[in-house]
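Now for the letters of each chain:
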Amino acid sequence: MALVMRFSGISGRGVTDFVLQRVTAVILTLYTALVVGFFAVNQVDYQTFEAFFGSFPMKVASTVAILATIGHAWVGMWTIGTDYIQPGHWGLPDSADKIRVAYQVACITIMAAYFLYALSAIW
Amino acid sequence: MKMDRPGSVGLWETILFNLSLVPMVSISHRVSGMILFAGVAFALYILDMALSSSNGFAQAEALLSTPLPKLIMLTLLSLLMFHIFLGIKHLMLDFHIGDTIRASRIGSASVLVLTGLSVGVLYQWLW
């Protein structure tokens, strides 16, 4: 299992990652349409902006959206990391494995920061 | 068993294909995704500022009307539109809609056209 986990993304199963990437993509597309739609139909000032993003359903939607962003970005960034940062690829040395782990840790750190920042901004 | 796959392709053909529209658009899905991931920080910064108070909202508005932040915002929005349209194309491929070479070319070109149009509309609406 440890070996499998090393080569797999967030869930340890390729199929689950594949589905996660698609589901979060649809969620984020809908959220984008919602926000763009809000700006399109309203003459936005602080009152309308606060009433919209400050409403409970929208706070929940924004929280779901930041979680979807993190899930979606993790599958994407993980895929990019495993595709390009590996020993032998573009003449990279064996230590490329360590570079990739550092890259993944950096991604996770940024995501954790995004999540906390988003929660403090939304709620 | 019938092998229904292409044989080996020469280096020159490979290079030419990789520089053509479909793969260029495809690799830019990854590039735009990475830039958007970094751009989340900027979006959160603006959202946090705009939601903090009416002063903060005015501050965010003022900031977004200065050239560089405006350019960053417009670039991120354009990349988001591009990423979404390309994602829709990708989801269609998952269901084997438009997965021939001809259809892929039309699809990739459509993604670029739709991105251009939506960016134009967004620019008119938001500023």
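First, a word on what this report is: a plain description of the structure on this page. The structure displayed is predicted, hence computed values, not measured ones. (Residues numbered from 1 in each chain as written. Chains lettered and ligands numbered in written order. Predicted model: local features only at pLDDT ≥ 70, side-chain atom pairs only at ≥ 80, totals over all residues.)

### Let's talk about the packing of helix α4 (residues 56-84) of chain A against helix α5 (residues 96-122) of chain A
Residue and element names in this part refer to chain A.
Then step 1. Relative to each other, α4 and α5 sit at 170 degrees, their axes nearing to 10 Å. Taken as axis vectors, α4 and α5 run roughly antiparallel relative to one another. Residue-level contacts link K59, S62, T63, I66, I70, A73, W74, M77, W78 and G81 of α4 to R100, Y103, Q104, C107, M111, Y114, F115, A118 and I122 of α5.
Then step 2. For the contact of α4 with α5, the residue count by class is 13 nonpolar, 4 polar and 2 charged. (Axes fitted to C-alpha atoms, helices over the stretch in contact; angles between N-to-C directions. Helix = DSSP H or I, 4+ residues; strand = E, 2+ residues; numbered from the N terminus. Parallel < 35°, antiparallel > 145°, perpendicular 65-115°, else oblique. Contact = placed C-beta atoms within 7 Å. Nonpolar A, V, L, I, M, F, W, Y, C, P; charged D, E, K, R; others polar.)

### Things to note about the interface of chain B and chain A
The extent of an interface is frequently quoted as the accessible surface area lost upon association of the parts.
Then step 1. Counting residues at the interface gives 18 residues for chain B and 19 residues for chain A.
Then step 2. At the level of secondary structure, the elements contributing two or more residues to the side of chain B that touches chain A comprise α2 (21-52), α3 (54-64), α4 (67-94) and α5 (101-126) of chain B.
Then step 3. Ranked by the residues each element gives to the side of chain B that touches chain A, the list is headed by α2(B), at 10 residues.
Then step 4. Tallied by class, residues from the side of chain B that touches chain A come to 13 nonpolar, 3 polar and 2 charged.

### Describing unusual backbone geometry
Then step 1. For B:H96, which is not glycine, the phi torsion reads 60 degrees and is therefore positive.
Then step 2. By the secondary structure assignment, B:H96 is in the loop between α4 and α5.

### A closer look at α4(B)
Residue and element names in this part refer to chain B.
Then step 1. Between the first and last C-alpha of α4 there are 40 Å, a value that for 28 residues agrees with the 40 Å anticipated at 1.5 Å per step.
Then step 2. Within α4, burial applies to L79, L80, M81, F82, H83, I84, F85, L86, G87 and K89.
Then step 3. A positive phi of about 60 degrees marks H96, the residue just after α4. (Expected span 1.5 Å × (residues − 1). Buried ≥ 20, exposed ≤ 12 C-beta atoms within 10 Å, placed from the backbone.)

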